[in-house]
Amino acid sequence: MNKLAAFLVIVLVLFGAFMPLFAQDYKSVKISELEFKVPDVDRFELENGLIVYFYEDHTLPVVALDAVFRLGEIYVPFEKAGLAKLCGELLRTGGTGSTAPDDFDQMLDFVGASLRSSAETESGSVNLRTLKKDVELGLRLMAEMLKDPRFDSEKFDIAVENTLEEIRRENDSPNLITRREFYKLLFPDHPYGRSMTEETVSAITRDDLVEFHRKFYHPNNCIIALSGDMTKQEAEQLIKKYLGDWKKSDSALPEFPGIKKPVPGTYYVFKDLNQTYFRIGHPGISRTNPDRYAVQVMNFILGGGGFISRMSNTIRVQEGLAYSVGSNFYQMDHSGSFYAACQTKAETTSRAIELMIAEIEKLIAGGVTEKELETAKNSILNSDIFSYSTPQQIVSQQASLEFYGFPPDELTKRIEEIKAVTADDVRAAAAKYLHPKALIVIVVGNEALFDKPLSTFGLVTNVKIE
């Protein structure tokens, strides 16, 4: 037997051995329940109120730090929308009292370290990544930035101009228009639904950034997640050395503004496109809602589970109307949103909307099967493991619990809570938190090309974009 013949014999033998696996339907493969214990981390607090979570890991000679602050656009006056974002950006790029912006950049670049800052709707963050040997330089620069930011005037002007250009280009993206207008309608006259405009950004001054920093960037409004190649003793010493003299503040967070009820209906934005972008939805739940785990399982089955969700199966697989379709319960501190969205060709706009609403109604009326329930729970729990795939993710998960007001054992309880969700829980969550008769439907496209007029879904309000 020559070498080629011998090789073919081996291939055939191996193929025969594994043939039963190839022939097995993937849906029938039994996936074992994942056994997972949330890793323990250390916690310490400085006299100035700064809270630090630490996870020791000597796998690589690196250190990672994520600081999160209770601040954001929700605390900014309407006429200054964009202030938190600009402050978060300039905190890092605007230099410090003792270091000019370009020198600051060069010092970090020279050692290959990364230091960033940003601010969103409800929080701000600072992120440091450095080699262990350069951790003191990284912490020193971060401390300077937090305690004594320069907000360099030239960098400020550049940031404002870049933000204005970003706003001008927003209406070129139908996807961004759909999202922006949806939240305006969902949270009328509220920071949750507000967007930056050229007028509000142009009204922001450097003094506004200084005042915003004074109000919100202090140690007792911050939680740090730290991990890497150091002991707990080293971590405490370094944090005290660079942030121990950071002065705490007695100022309280501003009162959270009340939320008005949205007006359901169909809203239309004309855009001369052969594709339609639409989003349907209504208010959802806050991140501390006691039914959040049943809602998560319910939404996974409805549209959150990717290709195996009902919406994807109906609209994408069976009808071929969209490549991507799904739903989400986005949770925030004081409220949240439920929405489902997709992009389809103009001629199938109404058909796609009808199918999406029908799937919501079917879930409320018929509940879910045991098979769907098992798949959803296993998928959610098994995907959770990727939230702990790095040392920094492990410690950040623990730090986020305190930041959002959850008890320390919430991550463990979450696993048990999701395992305990029943089909009746899902049915109850669907009945309580899905409201197909009170939907906001926002459609961006060219109605002249649609398969049915939008009035099929009720009174239509035209939305003009500037």
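Here the residue numbers are simple positions, counted from 1 along each chain's written sequence. It should be noted that, the model being predicted, local features are given only for residues of pLDDT at least 70 and side-chain atom pairs only at 80 or more, the latter also being counted only at that level, while totals for whole chains, interfaces and linings use all residues. Side-chain figures throughout are based on the complete set of non-hydrogen atoms in the structure, without hydrogens or water.

Here we look at the pattern of salt bridges
By definition, a salt bridge exists where a carboxyl oxygen of Asp or Glu is found within 4 Å of a side-chain nitrogen of Lys or Arg. Scanning the model with the defined rule gives 35 salt bridges in all. Ionic pairing is found between Lys80 and Asp208, a salt bridge with its closest N-O pair at 2.8 Å. Pair noted here: Lys80 is in the loop between strand E3 (62-69) and helix H2 (83-93) and Asp208 is in helix H8 (residues 206-216), with a separation of 128 residues, a long-range link. A salt bridge links Lys241 to Glu136, with the shortest nitrogen-to-oxygen separation between them at 2.8 Å. Of this pair, Lys241 sits in helix H9 (residues 232-243) while Glu136 sits in helix H4 (residues 135-147), and the two are 105 residues apart along the sequence. A simple rule labels every residue: compare its accessible area, found with a 1.4 Å probe on the protein chains alone, to the largest value its type can have, and call it buried under 20%, exposed over 50%, or partly exposed in between. Relative accessible area serves as the criterion here: at 35%, Glu136 is assigned to the partly exposed category. Through salt bridges with shared partners, a single network forms among Glu161, Glu165, Arg168, Arg169 and Glu198. Starting at the N terminus, helices and strands are each numbered in turn, a helix being any DSSP run of H or I of at least four residues and a strand any DSSP run of E of at least two.

Some details on the sheet that holds strand E4 (residues 114-119)
For two strands to be treated as a pair, DSSP must find no fewer than two bridges joining them. Pairing is mixed across the open sheet formed by 6 strands, whose spatial order is E1-E2-E6-E3-E5-E4. The sheet terminates laterally at strand E1 (42-45) and E4, the two strands that pair on one side only. Pairwise comparison of adjacent strand axes, ignoring direction, gives a mean angle of 15° for this sheet. Taken together, the 8 bridges between E3 and strand E5 (residues 124-131) define a ladder with antiparallel strand orientation. Following the sheet pairing, Asp66 is matched in E5 by Asn127. For helices, the fitted axis covers only the stretch in contact; all axes are lines through C-alpha atoms, and the angles between them, taken along N-to-C directions, range from 0 to 180 degrees.

Observations concerning the side chain of Ser227
Tracing the backbone shows Ser227 in strand E6 (residues 222-228). Among the polar contacts listed, one links the side chain of Ser227 to the side chain of Gln392, at a separation of 2.6 Å. Think of a polar contact as two N or O atoms within 3.5 Å of one another; within protein, one of them needs to be a possible hydrogen donor and the other a possible acceptor, and neighboring residues in sequence only count if both atoms come from side chains.

Here we look at H4
With 13 residues, H4 extends 18 Å from end C-alpha to end C-alpha; this agrees with the ideal 18 Å at 1.5 Å per step. When we look at burial in H4, the residues that qualify are Val135, Gly138, Leu139, Leu141, Met142, Ala143, Glu144, Met145 and Leu146. What a helix should span is 1.5 Å times the count of its residues minus one.

Side note on the packing of helix H10 (residues 292-304) against helix H16 (residues 423-433)
Between H10 and H16, the shortest axis-to-axis distance is 9 Å and the interhelical angle comes to 90°. The orientation of H10 relative to H16 falls into the category roughly perpendicular. Mapping the contact onto sequence places Ala294, Val295, Val297 and Met298 in H10 and Asp425, Val426, Ala429, Ala430 and Tyr433 in H16. Of the residues that constitute the contact of H10 with H16, the class distribution is 8 nonpolar, no polar and 1 charged. Angles are sorted into four bins: roughly parallel if under 35 degrees, roughly antiparallel if over 145, roughly perpendicular if 65 to 115, and oblique for all others. Between two residues, a contact is recorded if the distance between any of their heavy atoms is within 4.5 Å. Each residue is assigned to one class: nonpolar for Ala, Val, Leu, Ile, Met, Phe, Trp, Tyr, Cys and Pro, charged for Asp, Glu, Lys and Arg, and polar for all the others, Gly among them.

Comments concerning a nonpolar patch on the surface
Every patch collects residues that have over 30% relative accessible area and no salt bridge, joining them within 9 Å if they carry like charges and within 5 Å if they are nonpolar side chains (Val, Leu, Ile, Met, Phe, Trp, Tyr). For the accessible areas, the method is Shrake-Rupley and the probe is 1.4 Å, while residue cover comes only from the protein chains on display. A surface patch of nonpolar side chains, about 240 Å² in accessible area, is lined by Leu60, Val62 and Leu131. Along the polypeptide, Leu131 turns up in strand E5.

Focus on unusual backbone geometry
Glycine aside, the phi torsion of most residues is negative, and most peptide linkages are trans. Within the chain, Phe151 stands out as a residue other than glycine whose phi angle is a positive 50°. Among the structural elements, Phe151 can be located in the loop between H4 and helix H5 (153-170). By relative accessible area, Phe151 is classed as buried at 1%. In this model, Asp189 sits at a positive phi of 55°, which is unusual for a non-glycine residue. Its place among the elements puts Asp189 in the loop between helix H6 (174-186) and helix H7 (198-202). The exposure class assigned to Asp189 is exposed, which follows from its relative accessible area of 56%.

Points about the packing of H10 against helix H15 (residues 410-420)
One can describe the packing of H10 onto H15 by two numbers: an axis separation of 10 Å at closest approach and a directional angle of 55°. If you check the angle between H10 and H15, you find them oblique. As for the relative orientation of H10 and H15, their crossing is right-handed in sense. Here Arg292, Tyr293, Gln296 and Val297 of H10 come into contact with H15, specifically with Glu410, Arg414, Glu417 and Ile418. Here the contact of H10 with H15 is built from residues that sort into 3 nonpolar, 1 polar and 4 charged. For any helix crossing, the convention is left-handed if the near helix is rotated counterclockwise from the far helix by under a right angle, and right-handed if that rotation is clockwise.

All quantities given are derived from atomic positions and should not be read as evidence of function.
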